[in-house]
Protein chains: 4
Amino acid sequence: MLRFLNAGESHGPALTAIVEGMPAGVPVTEEYINTQLARRQMGYGRGGRMKIERDQVEFTAGVRGGFTLGTPICLVIRNRDYANWEKIMTPSPSADLDEMVVTRPRPGHADLAGAIKYNHADIRNVLERASARETATRVAVGALGRRLLEMFGIQIFGHVVQIGSVRAVIPPSYEEVRRLAAASELFCADPEAEQAMKTEIDASKEAGDSLGGIFEVVVTNLPVGLGSFVQWDRKLDGRLAQAVMSIQAVKGVEIGMGFRAATLPGSQVHDEIFYDSGGFYRCTNRAGGLEGGITNGEPLVIRAAMKPIPTLYKPLKSVDLATKEPFAASVERSDTCAVPAAAVVAEAAVAFELARAMIEKFGGDSLAEMQRNYEAYVAYVRQV
Amino acid sequence: MLRFLNAGESHGPALTAIVEGMPAGVPVTEEYINTQLARRQMGYGRGGRMKIERDQVEFTAGVRGGFTLGTPICLVIRNRDYANWEKIMTPSPSADLDEMVVTRPRPGHADLAGAIKYNHADIRNVLERASARETATRVAVGALGRRLLEMFGIQIFGHVVQIGSVRAVIPPSYEEVRRLAAASELFCADPEAEQAMKTEIDASKEAGDSLGGIFEVVVTNLPVGLGSFVQWDRKLDGRLAQAVMSIQAVKGVEIGMGFRAATLPGSQVHDEIFYDSGGFYRCTNRAGGLEGGITNGEPLVIRAAMKPIPTLYKPLKSVDLATKEPFAASVERSDTCAVPAAAVVAEAAVAFELARAMIEKFGGDSLAEMQRNYEAYVAYVRQV
Amino acid sequence: MLRFLNAGESHGPALTAIVEGMPAGVPVTEEYINTQLARRQMGYGRGGRMKIERDQVEFTAGVRGGFTLGTPICLVIRNRDYANWEKIMTPSPSADLDEMVVTRPRPGHADLAGAIKYNHADIRNVLERASARETATRVAVGALGRRLLEMFGIQIFGHVVQIGSVRAVIPPSYEEVRRLAAASELFCADPEAEQAMKTEIDASKEAGDSLGGIFEVVVTNLPVGLGSFVQWDRKLDGRLAQAVMSIQAVKGVEIGMGFRAATLPGSQVHDEIFYDSGGFYRCTNRAGGLEGGITNGEPLVIRAAMKPIPTLYKPLKSVDLATKEPFAASVERSDTCAVPAAAVVAEAAVAFELARAMIEKFGGDSLAEMQRNYEAYVAYVRQV
Amino acid sequence: MLRFLNAGESHGPALTAIVEGMPAGVPVTEEYINTQLARRQMGYGRGGRMKIERDQVEFTAGVRGGFTLGTPICLVIRNRDYANWEKIMTPSPSADLDEMVVTRPRPGHADLAGAIKYNHADIRNVLERASARETATRVAVGALGRRLLEMFGIQIFGHVVQIGSVRAVIPPSYEEVRRLAAASELFCADPEAEQAMKTEIDASKEAGDSLGGIFEVVVTNLPVGLGSFVQWDRKLDGRLAQAVMSIQAVKGVEIGMGFRAATLPGSQVHDEIFYDSGGFYRCTNRAGGLEGGITNGEPLVIRAAMKPIPTLYKPLKSVDLATKEPFAASVERSDTCAVPAAAVVAEAAVAFELARAMIEKFGGDSLAEMQRNYEAYVAYVRQV
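Residues numbered from 1 in each chain as written. Chains lettered and ligands numbered in written order. Predicted model: local features only at pLDDT ≥ 70, side-chain atom pairs only at ≥ 80, totals over all residues. Heavy atoms only, no water.

Inclusion rule: UniProt positions are given in the numbering used here, feature names are shortened, and annotations may be inferred rather than shown by experiment.
Looking up chain A in an unreviewed UniProt entry gives the name Chorismate synthase, with the organism given as Thermincola ferriacetica. Comment text from UniProt for chain A, heading Subunit (unreviewed entry), reads "Homotetramer." One UniProt comment on chain A, placed under Catalytic activity (unreviewed entry), says "5-O-(1-carboxyvinyl)-3-phosphoshikimate = chorismate + phosphate".

## Points about the pairing of strand 16 (residues 300-306) of chain D
For a regular strand, side chains alternate in direction, first toward one face of the sheet and then toward the other. Residues and elements named next belong to chain D. We count it as follows: Between buried and exposed lies partly exposed: a residue is buried under 20% and exposed over 50% of the maximum accessible area for its type, with that area taken using a 1.4 Å probe on protein chains only. A run of H or I in DSSP becomes a helix once it reaches four residues, and a run of E becomes a strand once it reaches two; helices and strands are each numbered from the N terminus. For two strands to pair, DSSP has to find at least two bridges joining them.
In terms of burial, strand 16 is a largely internal element, seven of the seven residues being buried. Relative to strand 16, strand 10 (residues 213-220) runs antiparallel, the two being bridged by seven bridges. Its bridge partner being in strand 16, Val217 is matched across the sheet by Ile302. Sheet analysis places strand 11 (residues 250-255) next to strand 16, joined by five bridges and oriented antiparallel. Looking across to strand 16, one finds that Val253 is bridged to Ala304.

## A look at the interface of chain B and chain D
Heads up, the rule is: Any two residues having at least one pair of non-hydrogen atoms within 4.5 Å are treated as being in contact. Reported buried area values correspond to the accessible surface (1.4 Å probe) lost by two parts on association, with both partners' losses combined. A side-chain nitrogen of Lys or Arg and a carboxyl oxygen of Asp or Glu constitute a salt bridge if their distance falls within 4 Å. N or O atoms closer than or at 3.5 Å make up a polar contact, with two conditions inside protein: a donor-capable atom paired with an acceptor-capable one, and, for residues adjacent in sequence, both atoms drawn from side chains.
Contact with chain B, which involves 25 residues of that partner, is made by 25 residues of chain D. Together chain B and chain D conceal approximately 1,800 Å² of surface at their shared face, both sides included; 39% is due to carbon and sulfur atoms. Arg234(D) serves as the salt-bridge partner of Glu20(B), at 2.9 Å between the closest nitrogen and oxygen. For the pair chain B and chain D, the interface holds ten residue pairs in polar contact (both at pLDDT 80 or more). Those elements giving two or more residues to the side of chain B that touches chain D turn out to be helix 10 (339-362) and helix 11 (367-382) of chain B. Here the element with the most residues in the side of chain B that touches chain D is helix 11 of chain B; it accounts for six residues.

## Points about the packing of aromatic side chains
Note the following rule: When two rings of Phe, Tyr or Trp (its six-membered ring) have centres within 6.5 Å they constitute a pair, described as stacked for plane angles under 30 degrees, edge-to-face for angles over 60, and tilted for the intermediate range. Geometrically, a lysine NZ or arginine CZ counts as sitting over a ring once it is within 6 Å of the ring centre and also within 35 degrees of the ring normal.
Taken as a whole and assessed by the stated rule, the structure comprises 38 aromatic pairs over all chains. Pairing Tyr118(C) with Phe229(D) gives two aromatic rings, centres 5.7 Å apart and planes at 75°, and the pair type is edge-to-face. Highlighted residues: Tyr118(C) in helix 4 (residues 111-118) and Phe229(D) in the loop between strand 10 and helix 9 (236-245), drawn from two different chains. By relative accessible area, Tyr118(C) is classed as buried at 3%. Over the ring of Tyr32(D) we find Arg147(D), and its NZ or CZ is 5.1 Å from the ring centre.

## Side note on the relation of the copies chain B and chain D
Put simply, the test is: Superposing the copies works by least squares over the C-alpha atoms of residues that have pLDDT at least 70 in both of them.
The transform that puts chain B on chain D rotates by 180° and translates by 0.0 Å along the axis, for an RMSD of 0.0 Å. Between the two chains, the operation in question is that of a two-fold axis. Residues of chain B ranked by C-alpha distance from the rotation axis are headed by Gly363(B), positioned 2.1 Å from it.

## Overview of the pairing of strand 17 (residues 316-319) of chain D
Residues and elements named next belong to chain D. Where strand 17 lies against strand 18 (residues 326-329), four bridges are found, and the strand directions are antiparallel. Bridge pairing in strand 18 places Leu316 opposite Ala329. What sits between the antiparallel neighbours strand 17 and strand 18 is a turn of six residues, in which Lys324 has the positive phi angle 65°.

## Quick look at the interface of chain B and chain A
So the rule is basically this: By the convention adopted, Pro, Cys, Tyr, Trp, Phe, Met, Ile, Leu, Val and Ala count as nonpolar, Lys, Arg, Asp and Glu as charged, and the other residues, Gly among them, as polar.
Contact residues are listed per partner, giving 106 residues for chain B and 106 residues for chain A. Regarding the contact of chain B and chain A, the summed buried area is about 8,300 Å², with carbon and sulfur atoms giving 65% of it. The interface formed by chain B and chain A contains zero salt bridges. Summed over the shared surface of chain B and chain A, the number is 41 residue pairs in polar contact (both at pLDDT 80 or more). In terms of residue class, the side of chain B that touches chain A is built from 52 nonpolar, 29 polar and 25 charged.

## What about the UniProt feature "binding site: NADP(+)" (unreviewed entry) in chain A?
Residue and element names in this part refer to chain A. According to UniProt, the feature "binding site: NADP(+)" (unreviewed entry) maps to Arg40 and Arg46 in the numbering used here. Structurally, the position occupied by Arg40 is in helix 1 (residues 30-41). Classification of Arg40 by relative accessible area gives buried; the value is 4%.

## What about helix 4 (residues 111-118) of chain D?
With eight of its eight residues buried, helix 4 of chain D lies for the most part within the structure. Positive backbone phi, at 60°, marks Asn119(D), one or two positions downstream of helix 4 of chain D.

## Describing the state of the cysteines
The test is simple: Count a disulfide wherever a pair of cysteine sulfur atoms falls within 2.5 Å.
The tally for this structure, following the rule as stated, stands at zero disulfides over all chains. In this structure Cys74(A) is not part of a disulfide, and its nearest cysteine sulfur, from Cys74(D), lies 6.2 Å away. Cys74(A) gets classed as buried once you look at its relative accessible area, which sits at 0%. Considering cysteine sulfurs only, Cys337(C) is the nearest to Cys188(C), which forms no disulfide, with 11 Å between them. Given a relative accessible area of 1%, Cys188(C) falls into the buried group.

## Description of the sheet that holds strand 7 (residues 73-78) of chain C
All names here are of chain C. Going by this rule: The axes used here are C-alpha line fits, helices contributing only the stretch in contact, and every angle between their N-to-C directions lies in the interval 0 to 180 degrees.
The sheet built from four strands is open, its strands ordered 1-2-7-4 with antiparallel pairing. Each of the sheet's edge strands pairs with one partner strand only, and the pair in question is strand 1 (3-7) and strand 4 (57-61). Strand-to-strand, the axes of this sheet are offset by a mean angle of 20°, without reference to chain direction. As paired elements, strand 1 and strand 2 (residues 14-20) share five bridges and run antiparallel to each other. Across the sheet, residue Leu5 finds its bridge partner in strand 2, namely Ile18. Strands in contact with helix 1 (residues 30-41) are strand 4 and strand 7; relative to strand 4, the strand with the most contacts, it is inclined by about 140°.

## A short note on the pattern of salt bridges
Working definition: two side chains of opposite charge can pair if their charged atoms are close together. On inspection of all chains with the given rule, the structure shows 105 salt bridges over all chains. The salt bridge partner of Lys361(D) is Asp365(B), with a shortest N-O separation of 2.5 Å. Separated into two different chains, Lys361(D) in helix 10 (residues 339-362) and Asp365(B) in the loop between helix 10 and helix 11 make up a pair that spans both. On the basis of relative accessible area, Lys361(D) is assigned to the buried category, the value being 2%. A relative accessible area of 7% means that Asp365(B) is categorised as buried. Between Glu347(D) and Arg146(D) there is a salt bridge whose closest N-O contact spans 2.1 Å. Taken together, the positions of Glu347(D) in helix 10 and Arg146(D) in helix 6 (residues 135-150) put the pair 201 residues apart, joining distant regions of the chain. Across the pair, Arg146(D) and Glu347(D) agree in class, each one buried. Each of Arg3(A), Glu20(A), Asp233(C) and Arg234(C) takes part in a single network of salt bridges with overlapping partners.

What follows is the structure, given as C-alpha cells:
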C-alpha cells in the first residue's frame, strides 16, 4: 500500500515527506523531482516569493544510485531562507516567540478556526502549516507517483481552463491540449484565451485584487480496472476527489462532464460501447474515464475550481484575536493568481492516487515484478 | 475512530452494514433509521421498483433497549423479493448460474470495466453490487451519524437545486430552505421550479430518456474546528468530497461558492470576520463553512452533480461481452430521475463523515463523556 | 487490501462479519466454513453451552453459486437461542432492561474496566461483546483466508502443546504432528500427554477450577517474501502477534524458538543457509519461518499461551458495582479448559493475516489473476 | 489519530520520522529526545559502532519554541559517518554500486528473503534498512509519546530480566525495580544477577558468540479504559504485542504472567477485585494491567524475548547469492549483547502505542483540551 506523510512549516528549517510502499528498482533522480517543483513555481501572475525559493529536493532515504530501494523514500526541501527566520521559528525553547506574532486572522484562510482549534494565541502557529507552501511536498511526492506511472506508459498533464472570467476553448485532441499547454506561460491550451487571461490578471493586480480559476488534469493510457465499486472508500472517483479537494483553495471537483452532466438528458451523457480488433472502445469520453468508480480504459479527466488567493492588497474586514478590535486585512506582497501552480499540484495529487491504485491492483515489490503482473493482465484484457 | 463496511447484492438475501466506533448510550431505534430509508425511496420520477422494496432496517448487534452499546452496530435490510431470486443468487453451488445471465454491458455503468477487472463472464456479478441499491445501506449508516450529530444540536438537510435544465431559486435563509424542501415532492425549496422540474421529468419519461441534477446538503450548528489542515488526508473538505463523489452517479462536488468562486475576484469571495458579544461571526458564507479544511462555525454547504440515470428506455449502442456483437441497450423499467434520492444519500454520507470528525475531536466512549468534552470545548470557544 | 469488521452480542440475534477485499472466483461454501466452526466447538473439557449452539454460518453477500464475487462477503451466525433472550436483548426500547442485570464484575474479564470505560451500569452490556463467543466469527472469517491460502497450496494447522502442568513431546515432522493432532480430542500430537491432560482437566473440574495451556499454529508451503522489514507496521511477525494476542485469554505469543531463543547462544539459534538444485534451504527452523519480519520459505511456527478460563466454580473475590459490597464470584456452568478451541481460533487469525499478506504481495482482483502473478513469482524465485 | 512513518538506511544521509497527530502545546526539546537516544546506546556488551554514532535528533517541523504546534513533527538523526559512505550510498545515479557489494546472506537476518522479495542482487539494499539502526528513530518517536504520557503523570520504564542463562530476581515493588534498573549498566534490577550477566557476556564475547535475553516494560498510573474489546484490532494487548514483536530480533511477547499463566489453575491466575474509599483496586497484578484488551488501572507489564544478535564472530554456514558457493558467515566487529538497548526500544514502542490510545480516548487538539477531558474522566471514574 502506497502512503505518505509530510511535515514542515513555511518558514521552518525544511519541508519533508516520507513515501512508503514504492516498489524497488524504479529509476528516479532528484533532478526529475526538481523539474516538477520548478513547474509549480512558474506561471504568470506570481508574486515575489516564488523567486526567492527555487525548490530543490534532496533524497535522504529510499533511493540509491538512481533507483528506489523498496524502502521508505524521504524527500527534503530545505528552506533557503531559514537563517532569517531561525530566531523566531527554532524548535528550541530559546525561540523569540514575541517577535512576528500574528493576531490578525485573514478571511479565507485557516487562521481563525485553526487558532481556536489548536488553542494558539499566535496565528503564526497555524499559517505556517496551513499555507500553500506545503504543496511543494505534495508535488515532490506526486512526482514519485508520476515516475512509477511512466514505467507503464501512463502520461499525466494539467492545463488551465479558466481564469477569472476568461474561459479557454479546449481543442478536442488530448495530445494537442498537452502540446499547447506545455508551451503556455499559464498552462493554457488556448493561446487567445491565454492573452485575455494575462490582461485580466494585470487588471486584477492593479486593483489589488486576486483571481481564481479552473484547471483540468488528464491521464492517458490507464488500464481498465483501477479502483473498485465494491466498497465506497475504494471508488477511484471518490479518492481522486479527496486528493484534489484537499489542495489549498480548491472548492470544487468534477470528473468528465461533471456539473454539465446534471443538465443534459441521459442519451447525451453516456458513452456508447464499440468493439473492433483492438478490443472494446468508446467514441466519446463524457464519463472522464471512470464508470462505477473504476477506470474504463478511456483517459481520466478531472477538473477543479480554485478560489482566488485570499491574501489581498485590497483590504478585507477582520477582527484582532487578542484585542477583539476590527481591522482591515491587507498584505504587501502576494501572488495575484496561482491557478497554473494549482494545476501542477493537482497533477501530482492525481498521479500519487493512481500510483496507489496501480500498486493495489498489480502488487509486486519490485518494478520488474509489478511490470510482469501488469503485462500479463494487459494480455488478458486484450483477449476478453 | 468511526468506520464502517457494508455488503450486499441487489437481489441477494440482504444488505448489511457494520458500523464501528459509535459511543455507548446514544438513543436510536429502527424506526429512526427507517424514516431516513423511506425518504430515500421518495421523489417524483421513480420507477416501479421503489414500491416493491419498502426498506426496513433491523439491528442485529450494537443496540439494546433503544441505546447503542458502544459495540459494533450491525444493520440489516432484508431483500423481501429474495425468494424470487434465490434460485440464481444463492451462495450455494446449487445456484442456477445459466439463468438470467447478463452479457450486455450498459454504457454509463460499471458493467464492462467491472467484468474485465474481476474476470466475470456474467455481468450480473458486477451489477448486483455496483447498483445504486447499495445506497440504502449508506443511508442507514449515515442515519446513525445523523443521530449522533443531533445529540449535539447539529442539523443536516438536503435539497434539490436543479433537475435537467430547470434551476431553482434558493431562498437566502437556510431555515426557509429546509422548510420548503421538506414540503416538496422533489425536496426542492422553490415551488415554481419544482413544477417545471416535474414537467421536464414527465417529458423525459415520455421520450424514454432520463435526467440528472444538482443537490445541496446543508449542516447547521457545527462547532468550529472539525477536520484539520495539518495533513492532506485530515482536511474535512477532501473527506467530504470523497464521501459524496463516491455516491453512485455523482460526477461533481463543490463546497460553498464552489465553481463560481473561480470566476470572481477575491474581494467578492472571502467571508469577512466580525465580532460581538456572541463571539466571532461572518455576514456571508461563501466558503460554505470550511476554511483551510476545517469548520469555521458557519453552516457547511456542499453541492453535487448527479448524472442522468444510465438505464434508459431509449437505446444506447453497446457490444455483447460474449459474442462481441453490437446491440442496442435499453430497459423496460427504470426511474427517470433519482436526484431527490441522491440528496438523501448525500445527507447520510455527509452526516457519517461529520460524526467521524466529531468523534476524532471530542473522543469519549459514551455519549455522556463525549458531551462533557464537547460542552467544555464550546465554553472555551465562547471565551476565546 | 483484505480487511474485516465483525459485530454481535453473545445473546443477541446474530454474530455478523463483513470481509472486504477477497478476490473473485474463489470456491467456497457454507459447509466449508461450518467445518471450521465445528472444530472450534470440539475439545475435551468443554461445558454444556457448546452443545446448545451448533454454529452454522450463512452467507448473505459476496458469494454466489459457490464462488466469491470479489464483493464484500457477509457471514452470519444466528443465535438459535435468541428467542429466549429477546425480551431483554432486543434493540427495541421495549426491552426489559431490569431483568438479568449484571452488577458483579468477574475477575479476569473485561467486566469492571469495560463498564467504567463505556459508562454502563449493567455489566451485561460489556460481557455480551467481550465474551469469547465472538471468536466464532473470527473462525468464520479466518476460514475464508484459509480457503484462499489453499488455492496456493498453503496448509495451516494448530495443535496443543501444553495444558496446565502437562507438556506434550512434539514429533519433529510437521506432517506427523498434523496427523496426530487431527486424531486427538485435544488436538495434541502426543497421545500419552493427551491422556495426562485429560486427567488434569478432570481433576481441575472436580476442584471447581480451570486450566489454560499453550498451543502452536504451523503453516507450510508459504512463499518467500510475505511481510516486509521496510516499515514497522508491515513486519509480519508483529502483525501475527497482534492477530493472536487479540484472541480472548491469550497472554503470550512467540515465534519459532520464541522465549527459549533468549537463553541460548547465537550459534545455536540461527538457521544456517544451504543450497541445492531446488534452491536455498535450511536444515533447521529455529526462526519459525520469519527473518526480519518476512517469510523465509520455511514453515511458519507461532505459539501462544492461554490463561485459564476466568469463569470458575471456585469463588473469586469481587465487589458489586452498584452496592460496592464484596461478594464471591462463582458460576454454575462453564468450560474447564478451552485450549483446543483457542488453537482453532488462532489458526483462523493466522490464516486471515497470511491471506492479507498474500493479497498485498500478489495483487489481483480474481483468483486467476492472483494465481498468475503468484506462479510467475515462484518461477522467478526458483531461478534466483 | 497518532501515527508515524520512518525512513532511512543505516549508512544513508539520515534517519527521519514524521509523527502526525500530537496535540499542540506539549513541551518538548531535542535534549529530551536525545536523552532517550543515549539510553539506547548504552549497555554492557556493545561493540565499537555505538561509540561512533552519538545520535542527536533535530526537529525540522512541528515544534517551535519548545512546544508542539499540533502539526506533523519531523525528527531527523543525521548519520555523522555519511561522508565516508556517500560514494556508494548516494541517491544519485553517480553512485559506485560496484563497491561494498554484499552477496553473502547472513543467517538470522532479512538478507536472503529480503533480496529475493525485492529483487536485489546486492544484499546491501536490504541490510541497510533491515538493520537495528532503524530503532533509533523508533526511540525518538516513542520519546514523543513518552513526553505526552508524562503530561498525565504516566511513567514508563524498562528493565532486563534475563541475559543468556542468567535470570534476575525482581523485587516486588515497581518503584524499587525502576530505581535499581536505572542504576545498572544492564538495566537490571538484581545487582547480583547483573554481575553474572556481565560474566556471561564476557565469556560469550571470548567465544565469538552472542547472547539474547528477556526484558520487561512497566507503565504506571494509566487510567482505566484504554483500548477496547469491541473489535479485534482495538484490543490494546494485541496492539502492544505488534509494537513490541516488530522490534528487530524480538521473538516472543507476553503480558502479565504471560506463558506462566498457561501452567497454573485459574484460581491462581486472576486478580480479585477490592474496593475502598479510593475506588476499586487489586492486590495482585497477574493480568499485567490488561483485562479484555483494556487497561484496568493496574500497572501495565509486558515482557519480550530477544534472540541473540545474529552477527557472530563464530562462523555460520551460508551460500553466496551470486555464485551459489557455500561460505562461512562471520563478522569482525559487532555487539555481543544488545538486550538493554532493546528494552529501551520497547519502552519507546509501548509509549507510542499508549499515547495513541490516550489520544483516541480523550481526543483534543491541544494539551489543554486533552487534559481537561482527561481530568473530567478521572473525576467520573472516582465516583463510579
